[in-house]
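Each chain, letter by letter, is given below.
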Amino acid sequence: MNATQKLKQLSVQDFAQLGLPNLAYVRRVVVNDEVRFAIHAADGSTMGVAPDIEVAFAAVRQHDMEPLSVH
């Protein structure tokens with residue numbers, strides 16, 4: 001079975017766990033009428049909120065993870 005076939009066989013739960021220890025998603029949010037940047041694990045759970053995208057990306061990298069921007 002090749003890699004593509006293996007990915008197609010993943011359950012929803014397994015797919016949600018894919019990249020969990022290595023990836024973090026950063027997205028713009030509004031908190032108390034101020035723009036902030038939320039940091040989420042690959043499974044969608046919130047890990048933190050930063051005042052700007054540069055700080056969010058730096059925090060993710062500081063924890064040996066790769067940041068991804070979500071629009």
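In this text, all values refer to a predicted model and were calculated from it rather than measured experimentally. Each residue is numbered by its place in its chain's sequence as written, counting from 1. With the structure being a predicted model, the display of local features is reserved for residues of pLDDT at least 70 and the display and counting of side-chain atom pairs for 80 or more, all residues being used for whole-chain, interface and lining totals. With hydrogens and water set aside, each side-chain value is computed from the structure's full complement of heavy atoms.

Draft legend 1. Up close: the pairing of strand β1 (residues 23–31). One requirement defines pairing of two strands: DSSP has to find at least two bridges between them. What counts as a helix is a DSSP run of H or I of at least four residues, what counts as a strand is a run of E of at least two, and both are numbered from the N terminus. Strand direction decides the pairing type here: β1 and strand β4 (residues 66–70), joined by 5 bridges, are parallel. Along β4, the bridge assignment pairs Arg27 with Val70.

Draft legend 2. Representation of unusual backbone geometry within the structure. Unlike most non-glycine residues, Asp33 shows phi in positive territory, near 65°. Topologically, Asp33 is positioned in the loop between β1 and β2 (34–41).

Draft legend 3. Representation of the sheet that holds β2 in the model. Strands sit in the order β3-β2-β1-β4 across an open sheet of 4 strands; the sheet is mixed. Among the strands making up the open sheet, the edge pair consists of β3 (46–50) and β4. Direction aside, the axes of adjacent strands within the sheet are offset by 35° on average. Packing of helix α3 (residues 53–62) onto the sheet brings it into contact with β1, β2, β3 and β4, and relative to β4 it is tilted by some 145°. Whenever a helix is involved, its axis is fitted only over the stretch in contact; in every case the axis is a line through C-alpha atoms, and angles between N-to-C directions fall within 0 to 180 degrees. Contacts are residue-level and defined by heavy atoms, with any inter-residue pair within 4.5 Å sufficient.

Draft legend 4. Broad picture of the pattern of salt bridges. Throughout this description, the term salt bridge denotes a Lys or Arg side-chain nitrogen within 4 Å of a carboxyl oxygen of Asp or Glu. By the definition in use, this model includes 1 salt bridge. Measuring nitrogen to oxygen at the nearest pair gives 2.4 Å for the salt bridge that ties Glu34 to Arg36. Per-residue accessibility, obtained with a 1.4 Å probe over protein chains only, is compared with the maximum for each type, and a residue is labelled buried under 20%, exposed over 50%, and partly exposed between these values. Taking the relative accessible area as the measure of exposure, Glu34 reaches 40% and is therefore partly exposed. On the accessibility criterion, Arg36 (25% relative accessible area) is partly exposed.

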